[in-house]
Amino acid sequence: MRSQIDMLTLPTQVLPWFFLQEWRDGRYKSVIAGTKLTDEFGFEPRGRFMDELLSNAVYHARRRMFDTCLEVGVPFYYRGSLSRPADRYVAFQRLLLPLRAAEDAPISMLFGVLRFYERTALSDRELRLMEFDAGSLFHCSTYEHGRWLTWPPESAPHPAR
């Protein structure tokens, strides 16, 4: 539940990279964005919708992941690349966790941590993917049944949202 997130108890090194997105009127809206995220993006994402911030192709791929996180209620971890508005494509990793507004409410929010890292931290495969498809994901997994599983599974349908 959102009330269970106490910003004062989170590790201080996580806070600048912390974010919270809310499912509102059929779209994902940024509610909280840490100071490092804002600095890295070069703008304030709070109050803006995800579909306004990403290219159409990248948005639909990420939306599928966000929708699955909400519908199934499983955490996601992924690494990939994205474009900062006034910059180049950069590598990142994100932990995405489902959240309820209240104990008896449906999952309607996603929170987590997003970190950027240098190209020197990438494998040769990841560098090639980034050059070929700058909005690509290098790795994606969900935490289910006590272990991390590769996502999407072979026959995973897109959740209806």
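Residues numbered from 1 in each chain as written. Predicted model: local features only at pLDDT ≥ 70, side-chain atom pairs only at ≥ 80, totals over all residues. Heavy atoms only, no water.

Turning our attention to the nonpolar core. Counting residues in hydrophobic clusters, the biggest one holds 25 residues, and the most contacted among them are Phe76, Tyr78, Leu96 and Phe116. For Phe116, the contacting residues outside a window of four places in its chain are Trp17, Leu37, Glu40, Phe41, Leu82, Val90, Ala91 and Phe92. Ile5, Phe18, Met109 and Phe111 belong to the second largest nonpolar core, which has seven residues in total. (Core = buried A, V, L, I, M, F, W, Y, C linked by side-chain atoms within 4.5 Å. Buried < 20%, exposed > 50% of the residue type's maximum accessible area, 1.4 Å probe, protein only. Contact = heavy atoms within 4.5 Å.)

Before going further, it helps to examine the packing of aromatic side chains. The way to describe two aromatic rings as a pair is by their centre distance and the angle between their planes. Inspection of the entire model under this criterion finds nine aromatic pairs. Over the ring of Phe19 we find Arg94, and its NZ or CZ is 4.8 Å from the ring centre. (Phe/Tyr/Trp six-rings, centres within 6.5 Å; stacked < 30°, edge-to-face > 60°. Lys NZ or Arg CZ within 6 Å of the ring centre and 35° of its normal.)

With that settled, the discussion passes to the side chain of Ser108. Following the sequence through the fold, Ser108 ends up in strand β5 (residues 107-117). With near-sequence residues (within four places) excluded, Ser108 lies in contact with Gln21, Glu22, Trp23, Leu70, Leu99 and Ala101. (Helix = DSSP H or I, 4+ residues; strand = E, 2+ residues; numbered from the N terminus.)

Turning our eyes to something else, we now look at the pairing of β5. Most of β5 is tucked away: nine of the 11 residues are buried. In this structure, strand β1 (residues 18-24) lies alongside β5, joined through five bridges in antiparallel fashion. Paired with Phe19 across the bridge in β5 is Gly112. (Pairing = 2+ DSSP bridges.)

With 17 residues, helix α3 (residues 56-72) extends 24 Å from end C-alpha to end C-alpha; this agrees with the ideal 24 Å at 1.5 Å per step. What α3 keeps buried is the set Val58, Tyr59, Arg62, Arg63, Met65, Phe66, Asp67, Thr68, Cys69 and Leu70. Immediately beyond the C-terminal end of α3, within one or two residues, lies Gly73, with a positive phi of roughly 75°. (Expected span 1.5 Å × (residues − 1).)

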